[in-house]
Structure formats: C-alpha cells, structure tokens
Amino acid sequence: MKLIKDILNRYKGVLPASLSIGIFMLIPILIIVVYSFMIPNPNGGVRTGFSLASYQKLFYDYDLFDNLVFNAGYLKIIFRSLWISIISVVASLLVGFPVAYYIAMQNTERRNLLILLITIPFWTNLLIRTYSWILVLRDTGLINSTLMSLGIIDEPITLLYTEGAIVLGLVYTYVPFMILPIYASLERLDIRLIEACRDLYSTKWDALRYVVFPLAKPGIIAGSILVFIPSIGAFIAPELLGGGKNLMLGSLVQLQFSSGRNWPFGSALAVVIMSVVLIALLIQAYNARKNGSEIVH
Amino acid sequence: MSNINTLDKDIKVPKHRDIRSLPGFSWFSLGFFIYLYLPLFILVIFSFNSSISATVWESFSVAWYFKAFANDDIQRAAKNSMIIAVFATLFATIFATMAALAIGRSKKIKYKSVFTGVIILPLMIPEIVTAVATLTFFSAIGLSLGLGNIIIAHTVFCIPFAYMPIRARLQGMDEGLEVAAQDLYANKSDTLRLITLPLLAPGIFSGAMLAFIISIDDFIITLMVAEAGANTLPIYIYGIVRKGITPEINAVSTILLIISIIFVTLSYWIGKKR
C-alpha cells in the first residue's frame, strides 16, 4: 500500500496526461489490433472468436460458388494510397526545398515573418483549406474560367476529381511539414562552407549539390516522413478532391466503420496503415542514428 | 560560431554578389506563397459576393453572413464546437502543464523519455486510426455521454499540442530563479505560484491556444466519435460541401478561418515574449 502511495506521489505530475493518453488512445489501438482477428457482427461491432478472415479479405474474395478467388480490389486501393503518398512526398520536396533554402538565407526578421506565413495556413482548418481548392479547380472555377476568358481553351478541363487533384491537395496541406525541418537544418548551416566552395571555383549549383544538400539531408528525411504519415491515412483530400471515386485507405477504413459495418476488416486496414507508419518511423530512427554517428566521427 | 553565422546573415549584400542567393529561388518562393494563400483569398472574397454563384462576382454584400448567423443548424453546431473546444483546451492545458513541470523539474521521476513518448504519441498515429480506435473503445465500454465523448477524444489529442510550447518555454527558463526563491525560504508551492507559473505563463497561453484551434478545427475524429445530434461546425460544413457549394458555407468557413488565424498569431506573439 505504501509503495503504491509512494509511486502515485512521485508520478502525480505526469499521470493525468499519460493516463488519459494511455486509456483513451493506447488501449483503443490495442483493441483495434484484437478486433482485426475477430468475426464481424452485421449490426456493427464484433462477435467473439478468432478469425483471419479480415486479413484474407485483403487478397481473396468468395465467388458465387463459395470458392476463394484472388481479388486485387483492396490491394489496388492500398497501392494507390502508397503511390499517391510517395508522389506527394516527392512533390513536397521539390516545392519545399527551394522555399526552405530561400527562407533560411534571409535576415532574422524576414525569416521569422516568412516562417509565420508558412505556419498560419498549417494551423487553419484542414477541411476549409481543402474545400477552397474546389473553388479553384472545378469546371466553373478560377483556373478554368480564367483560361476560357483568355481564349486558351474552349471547354473546361477536368481538374477536380482526379488523382492529380488529390496530390495537389495533399501537397498543399502538408508541405509545411517538409519546409520546417529542412529550414531547421539549413538555418544552422555555416555560410563559410559555401564561401569556401566558391573560393575553390565551384559554381553556385555545385555548392548546393555537394555541400548544402548533404547537410540538409536529416531535414529532408524528417520532412518526408512527416508528409508521408498523414498522407497515407488522408481522408478529406481524397473525399473532396478525389470525389470518392479514387478511393484511398483512409476512406476505406471510415467506410468499414460506418455504412460497411465490417469492423474487423476496418481494424485490419487500420493495422495495415499503422504498420506502414511504423516502417516509416523505423527508417527515420535508423537514419537519425546514422547521421548522428557521422557527426561524432 | 553560430553567433558569427547569424550576424553574417544580417549583413546586406547586393544580390548578384550574394553567394547565398540562387537564381530563380526568390521568384519560386514568391510563387509558393501565392499558391499557399490564393485559395483562401478566393474563399474569403466570394463569401462577400451578393450572387448565389460562388465563382462569378456580382457585388459586395454581407448578406451571407447574416444568413449564416440566423441559421439554426449553424448556431447549434457552433455552440457545440465552442463547448467542446473550451473543455478540451482546459483539460489538455492543465494536464500538459503538470506533465511539463514534472518532466522538466522533478528529480524523482524515472523513465522521462517513456513519458515524453506517450505524450507525443497522438502526433505519430494517423488521425483516421485514432478516430476508429476511439470509436471502437467507446462502443466497447458503452460510453455514451453525448458531447462528453467528443471532449474526451479531443482532450487526448490536444495534450501534445499544448505540451510542446509549455515544455519549450520551461527549457528556456533559468532554473536559478526558482533555486534562489527556495534559498530565501519560499516553500515549494509558493515557488511554483510566485515564480515558476508566472514565468511559464506565456508558454501555457501559447499551448492553450494551439489546443483550442486543434479542437475547433478537428474533423475526422469528431466525425467518427460524434453521436447523432452532436454536430460540430466542421461536420456541418462537410455535410453541406458534399452536396454542393453555397456562399453561406464560404461565410462560415471565413469566420472559422479568421478565428484560427487570430489564435495562431496570438500564440506565436505571446510565445515569443521574453
């Protein structure tokens, strides 16, 4: 009894925060893992009993005669999600790196202002930011009406409800996650290294490629992970800009828990998302360790 | 060394002589900032359009704002959003402050990195997973508190957002002042009340504001956890946007946008204060 009292007293500061996260987040995630091995209840929820059916459903389906047949439908959605997320990471890097470099090279006052300008949209409502792209992309939207009034096109181009629109929305939403870590690693960059390169007759681009880029690598890796994690489970961008016809993992999970009423299958899909995220985090931890040891040497 | 470096950057050099600038990068960045703000500007501008069309400009009008304010559904959703955000912010900020103080100042606590890891956990899990996991848990234990369910869910994922600025502020604070107070016979609670908390206050405000906008803007977790009738503003907006675009939604969105911008700017400004 005294021991428990002692521990409670010692840890009372961290307990409210860690207990609320432990009870309302860690335990629920464990329940999801358990549910993914159970049997669906057609009214929602699960029935007890062990079953691998949810994971089997990722690959196989039953045909009319109750035979198992290979079904690529769900795999396609998983790979589409991976593909769209990777494209979004690459696009965020291409867009984010020059901006991060530009900001890092400004004087202190301007740097702070530009960083604030990057963070403001990032804190504003995700739904509204994505919705605002509908106003730009749809057939009667800004781009199409401008191009048509300039006489460049006669009929509106389909921009909305495409995979490109999803990528555009994801990059728009998550590019600050790329810019901030790259900026953080470039901000500490010693300018004299670039000076030394230039003194030794390298071009500006070579200095960027052989000096700045390697030094920015930890920021680039951190940024890529930070863009990848929310993209793989994205829900709003695929729903609003993809029009629900380019289904991604996030929507598929949501569907299983609402109208689909197959909680174990939804849980299995959530486990798939978490595994992908875990792999990404492990890659980052590995890289952080490698980069850390390089600095020590 | 880093000081010289910072000073270096503040010296004005003609652009073509500046070894740091790369051709095209400044134009590219300008283009980027336009890309970042253009859709939001369009949204705001068309919320003041008198015509029902959300893309063809007619004339300036605030009619859609009056219409939005008079709409019962919007009023109800806004009220729910406010109640949830206020309570979630309150709980999350208190918990985060306690945790930051314990991890930053207590010498008795072991496994600090484990506790930090638990507190940061909500940032590592994709929101959709958190959403369905919370829904599953609430239904498994049969918890049905109406708005209470949403408040619990929001509190949990607002904790890390409140925690980070508080922790950062605490790390930048001189522990010497607290030691000095204790040397002058202040007891622990007086030191906390008269020295630590006042110094920590900007971090706490900054954290509370971030927690507030995270809660008021949340969509996917609320969508899954909310019971019938417990709509928040983002849920209402989503429901309408799926059916089509109305200028009324532009008006509501603009208001939410302005609330967020005010809070982020305030949070940034207060957090920077020395």
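Residues numbered from 1 in each chain as written. Chains lettered and ligands numbered in written order. Predicted model: local features only at pLDDT ≥ 70, side-chain atom pairs only at ≥ 80, totals over all residues.

At the junction of the two partners, chain A supplies 75 residues and chain B supplies 75 residues. If one sorts the elements of the side of chain A that touches chain B by residue count, helix 2 (residues 15–35) of chain A sits on top with 14 residues. Residue composition of the side of chain A that touches chain B, grouped by class: 50 nonpolar, 18 polar and seven charged. (Contact = placed C-beta atoms within 7 Å. Helix = DSSP H or I, 4+ residues; strand = E, 2+ residues; numbered from the N terminus. Nonpolar A, V, L, I, M, F, W, Y, C, P; charged D, E, K, R; others polar.)

So, on to unusual backbone geometry. Backbone geometry at Tyr161 of chain A places phi at a positive 60°, although glycine is not the residue there. Here Tyr161 of chain A shows up in the loop between helix 7 (142–149) and helix 8 (163–187). Residue classification places Tyr161 of chain A among the partly exposed residues on the basis of 18 C-beta atoms within 10 Å. The backbone of Tyr111 of chain B shows a phi angle near 55°, a positive value even though the residue is not glycine. (Buried ≥ 20, exposed ≤ 12 C-beta atoms within 10 Å, placed from the backbone.)

Here we come to the confidence of the model for chain B. Residues and elements named next belong to chain B. Mean pLDDT over chain B: 86, with 91% of residues reaching 70 or higher. Taken together, the stretch residues 1–7 has pLDDT below 50 and engages in four contacts with residues farther than four places along the chain or on a different chain. Scoring the predicted complex yields pTM 0.87 and, for the interface, ipTM 0.87. (pLDDT = per-residue confidence, 0-100.)

Turning next to the nonpolar core. In this structure, Ile273 of chain A together with Ala96, Ala99, Val132, Ile159, Ala162 and Ala211 of chain B are the most contacted members of the largest nonpolar core, which totals 156 residues. If you tally residues by element for this core, the top one is helix 8 of chain A, at 15 residues. Viewed by domain, this core spans two of them, domain 1 (13–62) and domain 2 (65–272) of chain B, each represented by three or more residues. Residues within four places of Ala162 of chain B in sequence aside, it is in contact with Ala92, Thr93, Ala96, Gly207, Ala208, Leu210 and Ala211 of chain B. (Core = buried A, V, L, I, M, F, W, Y, C linked by C-beta atoms within 7 Å. Domains from an automatic or database assignment.)

Quick look at the environment of Ala100 of chain B now. Residue and element names in this part refer to chain B. Secondary-structure assignment places Ala100 in helix 4 (residues 72–105). Separated by 66 residues in sequence, Ala100 and Ile166 place their C-alpha atoms 6.7 Å apart. Excluding its chain neighbours within four sequence positions, the residues that come into contact with Ala100 are Tyr163, Ile166, Arg167 and Leu170.

Our next topic: the domain arrangement of chain B. All names here are of chain B. When cut into domains, chain B gives domain 1 (13–62) and domain 2 (65–272). Contact residues are listed per partner, giving nine residues for domain 1 and nine residues for domain 2. Here the side of domain 1 that touches domain 2 is composed, by residue class, of seven nonpolar, two polar and no charged.

Moving on, we get to the packing of helix 8 of chain A against helix 10 (residues 204–232) of chain A. Residues and elements named next belong to chain A. It is at 8 Å that the axes of helix 8 and helix 10 come closest, and there the two elements cross at 155°. As summarised for this structure, helix 8 and helix 10 are arranged roughly antiparallel, according to the angle between their axes. For the pair helix 8 and helix 10, the crossing hand works out as right-handed. Contact with helix 8, carried on its side by Leu170, Tyr174, Phe177, Met178, Pro181, Ile182, Ala184, Ser185 and Leu186, involves Leu215, Ala216, Pro218, Gly219, Ile220, Ala222, Gly223, Leu226, Val227, Pro230 and Ser231 of helix 10 and no other residues of that element. Across the contact of helix 8 with helix 10, the residue classes tally to 16 nonpolar, four polar and no charged. (Axes fitted to C-alpha atoms, helices over the stretch in contact; angles between N-to-C directions. Parallel < 35°, antiparallel > 145°, perpendicular 65-115°, else oblique. Left-handed = near helix turned anticlockwise from the far one by under 90°.)

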